[in-house]
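# Inside the fold
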Amino acid sequence: MVKLTIDGRECRAEEEKTILEVASENGIHIPTLCYHEEVSPYGACRLCMVEVTRKGRKRLVASCLYPVAEGLVVRTETPEVNNIRRTVIELLLARCPDSEVVQEMAHDLGVDKPIFSLEEDNHKCILCALCTRVCQEVVGVSAITLVNRGVDRQMATPFYDFSEVCIGCGSCSFVCPTRAISFEDVGDTRVITMPHVTMEFKLKKCSKCGKYWAPERQLEYIAKTAGIAPEAFDICPDCRD
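## A look at a negative patch on the surface
A contiguous patch of negative charge on the surface is contributed by E10, E14, E15, E16 and E70. Summarising the element assignment, E70 is placed in the loop between β4 (57-62) and β5 (73-75).

## Looking at the packing of helix α2 (residues 79-95) against helix α3 (residues 100-108)
Axis separation between α2 and α3 bottoms out at 10 Å; the angle between their running directions is 150°. Classified by the angle their axes make, α2 and α3 are roughly antiparallel. In the packing of α2 onto α3, the handedness of the crossing is left-handed. Each of I89, L92 and L93 in α2 lies in contact with α3, whose residues at this interface are V102, Q103, M105 and A106. Residues of the contact of α2 with α3, tallied by class, amount to six nonpolar, one polar and no charged.

## Some thoughts on a nonpolar patch on the surface
Together, L91, I115 and F116 make up an exposed nonpolar region whose accessible area comes to about 300 Å². Looking at the secondary structure, you find L91 in helix α2. The exposure class assigned to L91 is partly exposed, which follows from its relative accessible area of 45%.

## Structural notes on the sheet that holds strand β8 (residues 182-186)
If you trace the four strands from one edge of the open sheet to the other, you get β8-β9-β10-β11, paired in antiparallel fashion. At either margin of the open sheet sits one strand with a lone partner, and together these are β8 and β11 (212-215). Across the sheet, the mean angle from the axis of one strand to that of its neighbour is 30°, orientation sign disregarded.

## A word on helix α6 (residues 216-226)
All of the buried residues in α6 are Q218, L219 and A223. Mapping the buried residues of α6 onto a view down its axis gives an arc of 135°, with all of them on the same face. Facing away from the buried side of α6 by more than 90 degrees, the exposed set consists of E220, K224 and T225. If you follow the buried residues of α6, they end up packed against β9 (189-194), β10 (197-205) and β11. Where α6 terminates, the next one or two residues include G227, which has phi positive at roughly 70°.

## Focus on the confidence of the model for the chain
A residue-level look at the chain finds 100% of positions with pLDDT of 70 or above and a mean pLDDT of 94. Here strand β7 (residues 154-156) is the element of the chain with the lowest mean pLDDT, 93, and β5 is the one with the highest, 98.

The rules we used
Residues numbered from 1 in each chain as written. Predicted model: local features only at pLDDT ≥ 70, side-chain atom pairs only at ≥ 80, totals over all residues. Heavy atoms only, no water. Patch = residues over 30% accessible without salt bridge, like charges linked within 9 Å, V, L, I, M, F, W, Y side chains within 5 Å. Areas by Shrake-Rupley, 256 points an atom, 1.4 Å probe, with all protein chains shown as cover. Salt bridge = Lys/Arg side-chain N within 4 Å of Asp/Glu carboxyl O. Lys, Arg positive; Asp, Glu negative; His and termini not counted. Charge placed at Lys NZ, Arg CZ, Asp CG, Glu CD. Helix = DSSP H or I, 4+ residues; strand = E, 2+ residues; numbered from the N terminus. Axes fitted to C-alpha atoms, helices over the stretch in contact; angles between N-to-C directions. Parallel < 35°, antiparallel > 145°, perpendicular 65-115°, else oblique. Left-handed = near helix turned anticlockwise from the far one by under 90°. Contact = heavy atoms within 4.5 Å. Nonpolar A, V, L, I, M, F, W, Y, C, P; charged D, E, K, R; others polar. Buried < 20%, exposed > 50% of the residue type's maximum accessible area, 1.4 Å probe, protein only. Pairing = 2+ DSSP bridges. Arc of directions from axis to C-beta. pLDDT = per-residue confidence, 0-100.

Right, here's the structure in full:
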């Protein structure tokens, strides 16, 4: 365990934890869009920047990546920190002017109108890669990834087409912080809509109640990876004892 100070409050934490994790555990809010506790930190959005002082040296760091240390002094609200966050959110607002989440966060940070030119047809994606990380690290299929470089950077499926390895689970939609990915079950079909592709997946029909309840691809994947007989999914969870 180490002792550190966050906004004047003394905190104790395990050494392997990050500033963002410890701050959250102690009820100290640090804004972020690309962090999720179930996947590895990425430091993409830079909204979680904080000021740290260690051994007399002061610097600005991404709190989702920076590990806690003995004697570390952290300040989450300083003029420099707030200026960086406002600049970041202005850039995100220019990229995703239609995103309600980005608009709300910008308002909270005192930015109501971006000073940069607004992009058109941006699909709300901020390129945080949270969807690609959960697909790879949690689901284990890597159906989507970030492609191209610089201003052409995009989140996409291979060749911007139907991904043959996608199981239609919708995990990417669940974790997307700006709702750039969505899915909807319509009849016997799940429709997943991403910025550059829309994919459809056939749903499994419960042999008992007749309700369509999960993508067949997802159930086949679970059966294969967990060594479960495919027949185990003939009945939906609601109809099981």
